[in-house]
Amino acid sequence: MLQRHLRAACAAAAAAGALLVAGLSGSASARPSDLPAAPTAAETLRTDAAPPALLRALERDLGLNRQQAERRLANEAEAGATSGRLRAALGAHYAGAWVRGAESDTLTVATTDPADVPAIRARGATARVVDHSLTTLDAAKARLDRVAAEHATTAAPVWYVDVPANALVVRAVRTDAARSLLAAAHVDASLVRVVKSAEHPRPLYDLRGGDAYYIDNSSRCSIGFPVTRGTQQGFATAGHCGRAGSATTGSNRVAQGTFQASVFPGNDMAWVAANADWTATPYVNGSSAQVTGSTQATVGSSVCRSGSTTGWHCGTVQQLNSSVTYQEGTVTGVTRTSVCAEPGDSGGSFLSGSQAQGVTSGGTGNCTSGGTTYFQPVNPILQSYGLTLKTTATGPGDPGDPGDPGGTWSAGTVYQAGATVTYGGAAYRCLQTHQAQPGWEPPNTPALWQRQ
């Protein structure tokens, strides 16, 4: 149970200071008045660096004006930090978080313990008491994932934890197929909601997204995000685009590189090592769309996709850690979105503000009637292959020459929410999943790290 002194501290913090942006609190830690203010989450995640094309797509697709789009991105950054702190405080009772409203100005945090409600409200969030913890629902989904290799069917192609519904949702063309899958996984029926759906996701092959590239002088896909591995430059993309050893050429048909590793199905991730003629840049689509980090967006947050077939399109994050069955097999750990996509967009970049989210995997529908698209999150790609995301600049701190502060924190490491590190003799807990980079040291980024 959340400790009483934590509740008291949260309440005191809420009473002592104004809430940031549109009602979402920033850091709970008190700072002496003679010290500079800690950077806000919006400053840490550089929401002001969102490219004009992305902002225009937000305005068009979500019905916003420019100021609303900018406020939405700032609020979503603050919501991620606040929910991260509450997740750490609520522990086993935590049942997920999501934002809503045109400007994402309402953060809801769910718990299984009514006694946690005052602490949630003290952080400026709306509290919801539910039956099942996020850990319980995630464990049920993991059982489905494990049996998918033998029992998956395109008649029940999608499943995910729906945080606002507090349920494991299975989307099925035939409900009997969903029941068979659930029975094989021995999932408690009280955790599940089966939704009738005509959804038939498929990978978006032979495509071009941010920048087009060709595989073995045949099929066409899209660069996701430029990366480095030591001195080697390259890019992350979708695994279904090519296999290890496949050669690539750029949109100009000049020799470009070689697939170093690829996974599909199971996941949908790959990376290509480029030759010396190509340089990794921190931009999307050769425009001013810049990438400053890879902090994972909260459910309900806006997310935008760049693709050469359909341009910029935006929507919201519907569910994290979804599973989807294509004709080729089941892919787990993808993010479900309301963004549309069409052939020509596969492998391309998903962004939330200036934060890299993932690479386009597949989906249903189109950008005329609307659709659902899944992306492979970028952080697992970086972690699996030891890659470093190419970004425009350092974080809010000035890395300068920090000397040797000591500790376990390390730039380039992908940290999951809840991970703990030491830095400069102090212990910190990770609040939001991200890849660490110079300037994002724990003392500089209270939106990402909480001192213990």
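Quick note: structure is the one above.
Quick caveat, the model's predicted, so the values are computed rather than measured. (Residues numbered from 1 in each chain as written. Predicted model: local features only at pLDDT ≥ 70, side-chain atom pairs only at ≥ 80, totals over all residues. Heavy atoms only, no water.)

Peer 1: Which residues make up the packing of helix 3 (residues 52-62) against helix 4 (residues 66-90), and what values go with them?
Peer 2: At a minimum axis distance of 9 Å, the contact between helix 3 and helix 4 shows a crossing angle of 105 degrees. The angle between helix 3 and helix 4 places the two elements in the roughly perpendicular class. Contacts from Pro 52, Leu 54, Leu 55, Arg 56, Leu 58, Glu 59 and Leu 62 in helix 3 reach Arg 66, Ala 69, Glu 70, Arg 72 and Leu 73 in helix 4. Looking at side-chain class alone, the contact of helix 3 with helix 4 contains seven nonpolar, no polar and five charged residues. (Axes fitted to C-alpha atoms, helices over the stretch in contact; angles between N-to-C directions. Helix = DSSP H or I, 4+ residues; strand = E, 2+ residues; numbered from the N terminus. Parallel < 35°, antiparallel > 145°, perpendicular 65-115°, else oblique. Contact = heavy atoms within 4.5 Å. Nonpolar A, V, L, I, M, F, W, Y, C, P; charged D, E, K, R; others polar.)

Peer 1: If you had to explain unusual backbone geometry to someone new, which residues and values would you point to?
Peer 2: The step from Phe 264 to Pro 265 runs through a cis peptide bond, and the omega angle for that step is -5 degrees. Of note, Pro 265 is situated in the loop between strand 13 (255-263) and strand 14 (269-274). Unlike most non-glycine residues, Asn 217 shows phi in positive territory, near 55 degrees. Looking at the secondary structure, you find Asn 217 in the loop between strand 8 (212-215) and strand 9 (219-222).

Peer 1: Hey, could you go over the sheet that holds strand 28 (residues 449-451) for me, with residue numbers and the actual values?
Peer 2: Sheet architecture is open: three strands sit in the order 25-26-28, paired in antiparallel fashion. If you trace the sheet from one side to the other, it starts and ends with strand 25 (420-423) and strand 28, each paired once. The mean angle between the axes of side-by-side strands here comes to 35 degrees, regardless of whether they run parallel or antiparallel. Note that strand 26 (residues 426-430) and strand 28 share three bridges and pair antiparallel. Looking across to strand 28, one finds that Tyr 428 is bridged to Arg 451. (Pairing = 2+ DSSP bridges.)

Peer 1: Give a description of the state of the cysteines that names residues and reports values.
Peer 2: Using the criterion set out here, one finds three disulfides in the structure. Shown here is the disulfide that connects Cys 221 with Cys 241, its sulfur atoms set 2.1 Å apart. Residues Cys 221 and Cys 241 are joined by a disulfide whose S-S torsion is about -85 degrees; by sign, that bridge is left-handed. A residue pair is termed long-range when its members are at least 10 positions apart, and Cys 221 in strand 9 and Cys 241 in the loop between strand 11 (232-237) and strand 12 (247-250) qualify at 20 residues. In this structure, Cys 221 and Cys 241 share a single accessibility class: buried. Between the sulfur atoms of Cys 304 and its disulfide mate Cys 314 the distance is 2.1 Å. Taking the sign of the S-S torsion, about 105 degrees here, the bridge from Cys 304 to Cys 314 comes out right-handed. You can see Cys 304 sitting in strand 17 (residues 302-307) and its partner Cys 314 sitting in strand 18 (residues 311-326), a full ten residues away along the chain. By sequence-ordered numbering of the bonded cysteines, the protein has its disulfides arranged as 1-2, 3-4, 5-6. (Disulfide = S-S within 2.5 Å. Buried < 20%, exposed > 50% of the residue type's maximum accessible area, 1.4 Å probe, protein only.)

Peer 1: Residue-level account of the packing of aromatic side chains, with values.
Peer 2: Evaluated as defined, the whole model comprises six aromatic pairs. Summarising the aromatic geometry, the rings of Phe 264 and Tyr 326 are spaced 6.0 Å apart at their centres and angled 35 degrees between planes, so their arrangement reads as tilted. Pair noted here: Phe 264 is in the loop between strand 13 and strand 14 and Tyr 326 is in strand 18, with a separation of 62 residues, a long-range link. There is no split in this pair, since Phe 264 and Tyr 326 are both buried. Both rings, one in Trp 409 and one in Tyr 423, keep their centres 5.8 Å apart while their planes meet at 90 degrees; by these two values the pair is edge-to-face. Here the residue Trp 409 occupies a position in the loop between strand 23 (388-389) and strand 24 (414-415), and Tyr 423 occupies one in strand 25, the gap between them amounting to 14 residues. Each member of the pair, Trp 409 together with Tyr 423, is buried. (Phe/Tyr/Trp six-rings, centres within 6.5 Å; stacked < 30°, edge-to-face > 60°.)

Peer 1: Please set out the pattern of salt bridges residue by residue, giving values where relevant.
Peer 2: Close approach of charged atoms allows side chains of opposite charge to pair. A full pass over the atoms with the stated rule returns eleven salt bridges. A salt bridge links Asp 48 to Arg 46; the shortest N-O distance between them is 2.8 Å. Residue class for Arg 46 comes out partly exposed when judged on its relative accessible area of 29%. Two residues, Arg 60 and Asp 61, come together in a salt bridge whose shortest N-O distance is 2.7 Å. For Arg 60, a relative accessible area of 49% gives the class partly exposed. (Salt bridge = Lys/Arg side-chain N within 4 Å of Asp/Glu carboxyl O.)

Peer 1: Explain the environment of Arg 451 to me, using residue names and the numbers behind them.
Peer 2: For Arg 451, the location among the structural elements is in strand 28. A residue is classified by how much of its surface remains accessible, and Arg 451, at 57% relative accessible area, is exposed. Placed 28 residues apart in sequence, Arg 451 and Tyr 423 show a C-alpha to C-alpha distance of 9.8 Å. For Arg 451, the contacting residues outside a window of four places in its chain are Ala 426, Ala 427 and Tyr 428.

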